[in-house]
Structure formats: structure tokens, C-alpha cells
Amino acid sequence: MNVIAFDRVTLTYGGRRVLSDVSFSIPQGAFVGLLGANGAGKTTMLRAVLGLIRPASGAISVLGRPPTRGNPAIGYMPQARRIVTHAGISGFDLVVTAAGGHRWRWPAASALEKDMAWKALEEVGAADIARRPFAELSGGERQRILIAQSLIGDPKLLLLDEPLISLDAAHQRAIIELVHEVGERLGIAVIFCSHEINPLLRAVDAVLYLGNASAAIGSVDEVINGPVLSKLYGTHINVVRVAGRIFVMADDIELEGAAHVHDV
Amino acid sequence: MFTMFDYEFMRNAFAACTVVAIVTGAVGYFLVLRGQTFAGHALAHVGFPGATGAGLLGLSPFVGLTVFTVLAGIGIGLLGERAHRDVAIGIVLTLSLGLGLLFLHFYTAFASQATNVLFGNVLGISYRTVIILAVLSVVILAALIFISRPLLFASLQPELAEAKGVNLDFVSTMFMIIVAVTTAEATQIVGVLLVFALMVAPAATTLRLARGVLRGILISIALAVVIAWTSLSLAFLTDWPTSFWITSLGAAAYLAAGLIQRLKAAH
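Residues numbered from 1 in each chain as written. Chains lettered and ligands numbered in written order. Predicted model: local features only at pLDDT ≥ 70, side-chain atom pairs only at ≥ 80, totals over all residues.

Caption draft 1: Just the overall build of chain B, in detail. Scanning chain B for helices and strands turns up 12 helices and zero strands. Secondary structure elements of chain B occur, N-terminal to C-terminal, as α-α-α-α-α-α-α-α-α-α-α-α. For a compact globule of 267 residues, the expected C-alpha radius of gyration is about 18 Å, and chain B comes in at 18 Å, within 12% of that figure. The principal-axis extents of the C-alpha atoms in chain B amount to approximately 55 × 40 × 30 Å. In chain B, which comprises 267 residues, the proportion classed as buried is 53%. Partitioning the contacts of chain B with sequence separation of at least 6, the portion at a separation of at least 24 is 77%. (Helix = DSSP H or I, 4+ residues; strand = E, 2+ residues; numbered from the N terminus. Rg over C-alpha atoms; globule rule 2.2 N^0.38 Å. Buried ≥ 20, exposed ≤ 12 C-beta atoms within 10 Å, placed from the backbone. Contact = placed C-beta atoms within 7 Å.)

What follows is the structure, encoded as C-alpha cells:
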């Protein structure tokens, strides 16, 4: 059984077609890098898998079933758009709300929820930093905490939306190694969303590249090459490999490296 | 100093401050956590035309004020992120005060009460009002406890909460209604212009220092109550307005928390 299967799926966002008639599948336990320029539909695709938006046409299957909101088999780490800045909130506070914050119950977390939170924190080696204020943690430590909370409830699939954003190279490597190791150890498939392929090169089993309302999936070599990317970007693309790194260029401008500049 | 409890108006004032401070401390904690303090501030202002308009129609200003703040709360809740625009909130805020002024223009007899609505008059609170405030406080706290879990989740991590099945619009609208009723209550103590002091200062001070959510809420409540009690006592001793003391002590607590935070960071 596949963790995710898209069958001729069309997704729209704000009236715009983000994906058009896209089909692919991801096997269990795979580590997949989800790539594409800003606005290519990475987050929209993740939201569709989470059951937050419905496809305009086609069928999505998540672990053999249609997507449902609040699916406990999915661990999710959203893009950190608003970071908690209050000194009163610790990493543990964040993780424990993820353990049962969606339930309508007595406010205090139960012993079971606290156990779940500590277990998840230990999986990523973050138990010793969990009591510190989240706002005072470094970027890498924060991502560790946020990955911990995505592990709550023993998911079969992790959706990580841009975990590398605003991390330096060393911390990027550490986070990728952590996710890769945890995914293998616990048998969890990982969809790892990123702007850039290079940090992920050694970790990924496959690449899912979005662009021009379509998608390409396969090994790094099958997807990151001139002909495939030219189609996805709708312009002539050169792929250059230098010293084990890949540069994706359009008219001599590097696309991937410059991608987050367009964010602002 | 304990002679102040010989006066019925002081006993009423202490009782009213206590029940109101308990809810503002708790509700304010979430308001600060969600970054919605300015929206809360605007909500209070919307109450002003409600109060003066009710006066114009011969109704109770408190009822008019509560109806207006609750309607505005529902509006802000439903607008969600779109309501977090400084300019829009600022325009609604000034429009409200302008409307309130217009109603006063048509009903000048109410003008003497206008200062009370704007700046509060805790020493003028009747026993009957104390009972009403106490009942409202119990209702507010019950509602807050009811939604507190999804509210906390949605406040800290909205995207994740949504993915886990929390209805963000429902939680946010419920919370803004709670804020609206709390605001109407707090207005009885400090007036529409100064609600911020009782609602935000204790919570913001707490969030700078105290670790943990539940503990933070309890400390925020305690701080709000202590500020209210101290202010009343100082008002009794100095004969200066209670609202002045509440704003000053609130600001002092917030500043002190900032200094302590800095000292801690320096170590």
C-alpha cells in the first residue's frame, strides 16, 4: 500500500490552478524531497493530503483512504509563519498542546498526554531543551521541538513544510539527518518540503518536483535534469553539477538558491 | 487604613474589582498570547457609542455597551486574520468614539455619565452591579474553561491546530465574544479608554516572566487582583482616581518585568 497516491488530481488555490491532472504515488517508509519554486503549490499539496482542501477533480488516497482532517496517522510540521515570542511558553508547552489540544476537555494536560510529549521529545533528543522558553532556543533547536510534536501519536507519514528555512548549513544537515534517522527507525514515510535540493541530496529516496501546474517524481537523476525541469519551469533550464552540488539555472540565473529571495 | 472597609462603596468597589480582575487576568492571558491586544482595545471603544446610544434611548448604558462590544467581537472573530490590520482597527476605533460623541450631542443630560463610561467610576458601583458582575464573571470563566484547550492550541500554532481538526473560526469567534463581555465588565471599573490596563498589563507582565501556561494564567489572575486591590487602597489614601492607579501599577509591573527579563538575560 502507498502512503500517498494522487490519481489525476487538480488542486486550486484562490481560483488559480496549482496542480492540474497530476498522478503519482509514494511508497511506505520513503523519504521524499518535495521541491518547486514559490507558489508552485507545495503547501497547497500538503494541505490537500491533510484534508484541509478538496481537489477540484481526481482522487487522493492517504494510507489507502481518502484524506480526512485530523488524521492521526499524519504528523505535520507547518511552515513557521508566526513564532511564539513570549518567554512564558516552553518547547514542552508547544509539544503537549499538540498531544491533545484539539480535544474539548478540562484545560490541564493529562498524564498520558505529557507522556506522549516526552516520548516524542526523546525521539529527537530534545528532552533536555524542552523546558526552556521556546523563544530563547536557536533555530535548529526550535526545529527539533517542532519535529518532535509532529511525531505525536505514532504517525505513518510526516509532512514537513520548509523545516530548513532560516537555518545555516550545519543546522540544515543536522535536521535532515535527524529526520532521516527517525523516519527509518520508526518506519515513517517523510515528505520533506524544501526550496533547495542540495542539502537533501544524500537523504532522499525520491524527489517530487512541482512546477507549471504539473509534477515529476523519481530519483534525483530522473527529475533534476534539463528536459524535466524545463517542462516544470516552462523555460529553458540548465542543470549543472559541480563538486557534488547541483545548480539549477535559467539563462545563467540560479533558480533554487535565489528562490527564497522572492519570498519577501 | 482598614477603616476603608467601613464604607459600603469601598466594600462594593473591592468586590467588583476582585471578580472583574479574575476574568481580565485570565482572558487577557490569551489575548496577549494571540497577539490580539489591539483588537481588544478597539472592542472597548466600540462600547462607547453603545453606552451613549442606550442612554439616548433610555436604556441601561451597561446593556448598550455589552451589546455593542459583543457584536463587534463577533465581527472581529469572523474576520479572523483580516481583522488584524492596524489601520482598519484604528478607523473603527475612532469612528466609534465619534459616534458616541454624536449621541452625546443629542442627549446632553448623559454627558455627566460620559466621563464614567470613558474612564470608569469604580467607587460608584452599587451592590446590585457587583452581583451582576459576579454572575457574568462566572459565566465568562466557565466559557473560557470550555474552549481553553482548542483556544490554546489555535493561539500557539494555528496551522497545526487546523490540521488536527480545530475549527479556527469557531474558536476565534467564541473567544472574541468572551473578550467582549469581559471588556464590558472591565469598563465598569476602568472605563472604555483604559480597559487595556486591566486586561493586558497583568497578562503581558506574566508572559514575560512566568513559565508554563496554567501557572501563567493563575499568576496573571493574581497580579490583576493585586493591582486592583492596591489601586483601590491608594485611591482611598490619596483621593486620586482609581483608574489612574490601575494604569500606573500596570505600567510599572510591565516595566519591572522587562527589567527583570534583561537582568536574567545578562547572566
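Caption draft 2: Seen up close, the sheet that holds strand E1 (residues 2-13) of chain A. Residue and element names in this part refer to chain A. What the three strands build is an open sheet, ordered E2-E1-E4; its pairing is antiparallel. Strand pairing shows two members of the sheet lacking a second neighbour, strand E2 (16-27) and strand E4 (57-62), which therefore form its edges. Averaged over all pairs of adjacent strands, the angle between their axes in this sheet comes to 20°, without regard to strand direction. Of the strand pairs in this sheet, E1 and E2 are connected by eight bridges, and their pairing is antiparallel. Looking at the pairing, Ile-4 lines up with Ile-26 of E2. Contacting E1, E2 and E4, helix H1 (residues 42-49) runs over the sheet at an angle of about 120° to E1. (Pairing = 2+ DSSP bridges. Axes fitted to C-alpha atoms, helices over the stretch in contact; angles between N-to-C directions.)

Caption draft 3: Broad picture of the interface of chain A and chain B. Taken residue by residue, the interface counts 23 residues in chain A and 28 residues in chain B. In terms of residue count, helix H2 (residues 91-100) of chain A provides more of the side of chain A that touches chain B than any other element does, four residues in total.

Caption draft 4: Layout of the domain arrangement of chain A. Residue and element names in this part refer to chain A. You can read the domains of chain A as domain 1 (2-73 + 157-263) and domain 2 (82-154). On a C-alpha basis, the centroid separation for the pair domain 1 and domain 2 is 26 Å. Taken together, the contacts link 13 residues of domain 1 with 10 residues of domain 2. Looking at the side of domain 1 that touches domain 2, the elements that each hand over two or more residues are strand E6 (157-161) and helix H5 (169-186). A total of six residues in the side of domain 1 that touches domain 2 trace back to one element, the largest contributor, which is H5. (Domains from an automatic or database assignment.)

Caption draft 5: Representation of the sheet that holds strand E5 (residues 74-77) of chain A. Residue and element names in this part refer to chain A. The six strands lie next to each other as E5-E6-E7-E3-E8-E9, forming an open sheet whose pairing is mixed. The outermost strands of the open sheet, each flanked by one partner alone, are E5 and strand E9 (214-218). With direction set aside, neighbouring strand axes in the sheet form an average angle of 15°. As paired elements, strand E8 (residues 206-211) and E9 share five bridges and run antiparallel to each other.

Caption draft 6: Representation of H1(A) within the structure. Residues and elements named next belong to chain A. Of all the eight residues making up H1, seven are buried; the element is thus mostly covered by neighbouring parts of the structure. Among the residues making up H1, those that are buried are Lys-42, Thr-43, Met-45, Leu-46, Arg-47, Ala-48 and Val-49. Looking at the residues trailing H1, positive phi occurs at Gly-51, about 80°.

Caption draft 7: Local environment of unusual backbone geometry. Residue and element names in this part refer to chain A. In this structure, Leu-63 takes a positive phi of about 50° despite not being glycine. Topologically, Leu-63 is positioned in the loop between E4 and E5. Even without glycine at this site, Asn-212 takes up a positive phi of about 55°. Given 16 C-beta atoms within a 10 Å radius, Asn-212 is considered partly exposed.

Caption draft 8: Quick look at the confidence of the model for chain B. With 97% of its residues at a pLDDT of 70 or more, chain B shows a mean pLDDT of 90. Both confidence scores are given for the complex: pTM 0.90, ipTM 0.89. (pLDDT = per-residue confidence, 0-100.)

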